[in-house]
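# Observations on chain architecture
So you can see what is in the structure, the chains are spelled out below.
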Amino acid sequence: MAEKQLDREAFSCPICLDLLENPVTISCGHSFCMKCLKEHWDQQVRCKCPQCRKRFNTRPALNKNIMLAVLLEQLKKSEPSSDRGAGPQDVSCDVCTGRKLKAVKSCLQCVVSFCESHLQPHRHVAMLQKHQLVAPSNKLQENICHEHGKLKEIFCRTDQKIICYLCSVDKHKGHDTVSSAAERAHRQEELEAKTDLLKNRVQHKEADLQRLQQEAQDISCCAQRAVQHNGDMFKEVVQLLEKRRSEVEQQIRSEEQIQLGRVQKLQDQLQQDVSELKRSISELEELFNSPDHNQFILRFPLLSKDLEKTQSTNVKETEDKPKTRHLRYFDSVTRALSVLKDKLKFTLREIKMPEPQEDVEEDMWLMEIDVDALVSEPRDWPDVKIRKDILKYLQHIKLDPNTAHSYLSLSKDNRTVEYVGKQLMHQRLNSFQQAQLEVEPCQVMSRDGMTGRCYWEVCVWNKGWDLRRARIAVSYKKRSKKIHRGITVENVYGDDNASWALQINGNEYTFWSNNFQFTLFGPASSKIGVYLDHSAGLLAFYSVSDDDDDDDTMTLLHRVQTTFTQPLFAGVRLCCTRDTVHFHP
């Protein structure tokens, strides 16, 4: 041990008395820490060796002694940790004088930290062996009472403070006090119970975490399958649309050839007529200029007959000429494609992921696209053009007064509704009730729900319908609501996915569903027919001629093919004063 101490002193700096740091050696042969030597010379007028006092005329350049630095590094590595000096982050020995060594233990009774050398009495002296040794700590002074300078070893449960024995007989006299060890034992039992509880929570959380990880994997797998399925379905849609585009193009080209052939035939006939007319003109001019009177008289009747024949042919051909409307041969195709585009946009907007529910098969999470419905006729769709063909499904609709807005007036038979506005209100309402009436849509619903196949007609009159507001509708009984101006009100028909509505304005119609709209065109009429096939998921709106004859024609305005999950009710929304709707008959 002494040999190691001598070795250490041999490599100590004469200025700081600690091991050399960045050692430098000057010309006299003595070595110092570079920092210590620079600070020493900064305080001197002349540069002298701090050890032998040798003077230097100029300040020597200081270079690190590499060999000495290597030896110092090896000395530090071979030096036991107990013999090392305490660093800035270490707890130093409170007993060491001069150079402080690193403490290895702290004594709670002595309130002192010891290095390995000064700790030996605690290891060998019987009385000191009873002291409690802990890891080196800088907080030992917290265990000393600031007022009495005694060791804190009592806990006051009344004031929840750690005190010394003098405090227990002074300020804390009569309080519930126990030794710190007893309080520690009591709290340790609670700590063990809380630890067990936390461990139990950790187990539950880890189990939940595993389930969530598994759910995340399942979601990713489902999403991947959905993406693949989506891709395949959209490819099929594109293929069907491309096929239909090709078919329509072939039909257009075929019709083009037919029409061009007809026109070419007429052109050839007219060209032949023009040639014959020119020949007749030439013969007439020749006859007109002929000096032979007898020849003129003989040929004139023949030329007159040819002239009459040519004139009759021209009249017939003039009657066969295409009318002005034929100048727009393929407008019907363009209009049909425009309607298909709007329906395709509407259908794609309806495709969405439903809210996930518990115990639902993952296949129910996906909504498949009925691509045939986008480019072909709906299944089991009735080919109705004459009104009498659909009257066998006629349904007598009666409105439910309990669903009517206060601004609407119903007839005694509950088959006619009129918008009267505030005229009908006689009761006194508070401000909240008045505000609610202002924001609620003026709507009414039928009394009975409908399933199976049903047909009914709605007649409208007065000033016509406001295209932006009034609607003829089909709806579920229970519908979602929204908050408008801070008041919860029912959605307008067509503004949610539980209702389908048609607005009319002359020959212009607008279809609404799930707050999505597109414009349609058809014959103007004040009578609208509605056909429902609940089980097949079919719904259609017709424009019906105004005559009461059963043989009246009907024009299909719009059709919907979907899946109905609840009975459907007829509905009407009115907005303009004295607008009236009657459910016929």
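See the structure shown above.
Described below are features of the structure shown in this document. (Residues numbered from 1 in each chain as written. Predicted model: local features only at pLDDT ≥ 70, side-chain atom pairs only at ≥ 80, totals over all residues. Heavy atoms only, no water.)

## Regarding the overall build of the chain
Within the chain, the secondary structure is distributed over eleven helices and 25 strands. Here the chain holds 585 residues, and 30% of them are scored as buried. In the chain, the share of contacts with a sequence separation of at least 24, taken over all contacts with a separation of at least 6, comes to 55%. Counting only carbon and sulfur atoms, one obtains 51% of the accessible surface of the chain, whose full area is about 38,200 Å². (Helix = DSSP H or I, 4+ residues; strand = E, 2+ residues; numbered from the N terminus. Buried < 20%, exposed > 50% of the residue type's maximum accessible area, 1.4 Å probe, protein only. Contact = heavy atoms within 4.5 Å. Areas by Shrake-Rupley, 256 points an atom, 1.4 Å probe, with all protein chains shown as cover.)

## Some remarks on the pairing of strand S18 (residues 499-505)
Most of S18 is tucked away: six of the seven residues are buried. Relative to S18, strand S15 (residues 471-476) is paired through four bridges, and the arrangement is antiparallel. Each residue of the ladder has a partner; that of Ile472, found in S18, is Leu502. Here six bridges tie S18 to strand S19 (residues 508-513), and the two strands are oriented antiparallel to one another. Of the residues in S19, the one forming a bridge with Ile504 is Tyr509. (Pairing = 2+ DSSP bridges.)

## Things to note about the sheet that holds strand S11 (residues 408-410)
Read from one edge of the open sheet, seven strands run S11-S12-S25-S14-S21-S22-S23, paired in antiparallel fashion. Since the sheet does not close on itself, it has two edges, and those belong to S11 and strand S23 (554-561), each with one partner. Along the sheet, successive strands turn relative to each other by an average axial angle of 20 degrees, direction set aside. Bridge count between S11 and strand S12 (residues 416-419): three bridges; the pairing is antiparallel. (Axes fitted to C-alpha atoms, helices over the stretch in contact; angles between N-to-C directions.)

## Overview of unusual backbone geometry
Located in the positive-phi region is Val111, a residue other than glycine, with phi close to 55 degrees. In this structure, Val111 sits in the loop between strand S5 (105-107) and strand S6 (112-114). The backbone of Gln160 shows a phi angle near 55 degrees, a positive value even though the residue is not glycine. Tracing the chain through its elements places Gln160 in the loop between strand S8 (154-156) and strand S9 (161-163).

## Some thoughts on the layout of surface pockets
In this model, the second largest pocket occupies a volume close to 620 Å³. Lining the second largest pocket are 17 residues, with Leu108, Lys152, Glu153, Ser180 and Ala181 sitting closest to its centre. Of the residues forming the lining of the second largest pocket, the biggest block, five residues, is contributed by helix H7 (residues 180-288). Considered class by class, the residues forming the lining of the second largest pocket number six nonpolar, five polar and six charged. (1 Å grid on protein atoms, 1.4 Å probe; cavity = no way out; pocket = protein on both sides within 12 Å on 5 of 7 lines; lining within 4 Å. Points joined across faces, edges and corners; volume = space filled by probe spheres on them. Nonpolar A, V, L, I, M, F, W, Y, C, P; charged D, E, K, R; others polar.)

## As for the sheet that holds S5
If you trace the three strands from one edge of the open sheet to the other, you get S6-S5-S7, paired in antiparallel fashion. Bordering the open sheet on either side are S6 and strand S7 (133-134), each of which pairs with just one other strand. By the bridge criterion, three bridges tie S5 to S6 in an arrangement that is antiparallel. From the neighbouring strand, Ser106 faces S6, where its bridge partner is Ser113.

## Looking at a negative patch on the surface
On the surface, Glu189, Glu190, Glu192 and Asp196 cluster together into a negatively charged patch. Examined against the element boundaries, Glu192 turns out to sit in helix H7. You can call Glu192 partly exposed: its relative accessible area is 46%. (Patch = residues over 30% accessible without salt bridge, like charges linked within 9 Å, V, L, I, M, F, W, Y side chains within 5 Å. Salt bridge = Lys/Arg side-chain N within 4 Å of Asp/Glu carboxyl O. Lys, Arg positive; Asp, Glu negative; His and termini not counted. Charge placed at Lys NZ, Arg CZ, Asp CG, Glu CD.)

## Here's the deal with the pattern of salt bridges
Evaluated as defined, the whole model comprises 15 salt bridges. We note a salt bridge from Arg59 to Asp42, for which the minimum N-O separation is 3.0 Å. One end of the pair, Arg59, is in the loop between strand S4 (55-56) and helix H3 (66-78); the other, Asp42, is in helix H2 (residues 34-42), and 17 residues separate them in sequence. The class of Arg59 is partly exposed, set by a relative accessible area of 44%. Two residues, Glu256 and Arg253, come together in a salt bridge whose shortest N-O distance is 3.0 Å. Here Glu256 and its partner Arg253 are both found in helix H7, three residues apart, which amounts to about one turn of the helix. By relative accessible area, which is 25% here, Glu256 ends up partly exposed. With a relative accessible area of 48%, Arg253 lands in the partly exposed category.

## Some words on H7
The terminal C-alpha atoms of H7 lie 150 Å apart, and with 109 residues this matches the ideal 162 Å at 1.5 Å per residue to within 8%. Considered for burial, the residues of H7 that qualify are Glu183, Ala226, Met233, Val237, Val248, Gln259, Asp273, Ser280 and Leu287. (Expected span 1.5 Å × (residues − 1).)

## Focus: the packing of aromatic side chains
Geometrically, a pair of aromatic rings is defined through the distance of the ring centres and the angle of the planes. Per the counting criterion, the structure on display carries eight aromatic pairs. Pairing Tyr407 with Tyr419 gives two aromatic rings, centres 6.4 Å apart and planes at 85 degrees, and the pair type is edge-to-face. Taken as a pair, Tyr407 in the loop between helix H10 (371-375) and S11 and Tyr419 in strand S12 lie far apart in primary sequence, twelve residues in all. Accessibility classification places Tyr407 together with Tyr419 in one group, the buried group. On the basis of an interplanar angle of 55 degrees and a centroid distance of 6.4 Å, the ring pair of Phe516 and Phe518 is categorised as tilted. Since its relative accessible area comes to 15%, Phe516 is described here as buried. Within the aromatic cluster, the residues linked to one another by ring pairs are Phe511, Phe516, Phe518 and Phe541. (Phe/Tyr/Trp six-rings, centres within 6.5 Å; stacked < 30°, edge-to-face > 60°.)

## A few points about the nonpolar core
Within soluble globular proteins, side chains that are nonpolar generally end up buried alongside one another. Core analysis: the biggest nonpolar cluster contains 39 residues, and Trp456, Trp500, Leu502, Phe511, Leu539, Val581 and Phe583 have the highest contact counts within it. In terms of residue count, the dominant contributor to this core is strand S14 (residues 453-461) (four residues). Residues contacting Leu502, with those up to four places away along its chain left out, are Ala470, Arg471, Ile472, Tyr509, Thr510, Phe511, Ile528, Phe541 and Leu557. Leu37, Trp41, Leu62 and Leu75 belong to the second-largest nonpolar core, a separate cluster that totals 18 residues. (Core = buried A, V, L, I, M, F, W, Y, C linked by side-chain atoms within 4.5 Å.)

## Examining the environment of His558
Turning to its location among the elements, His558 is positioned in strand S23. Between the C-alpha atom of His558 and that of Leu502, which follows or precedes it by 56 residues, the distance is 9.0 Å.

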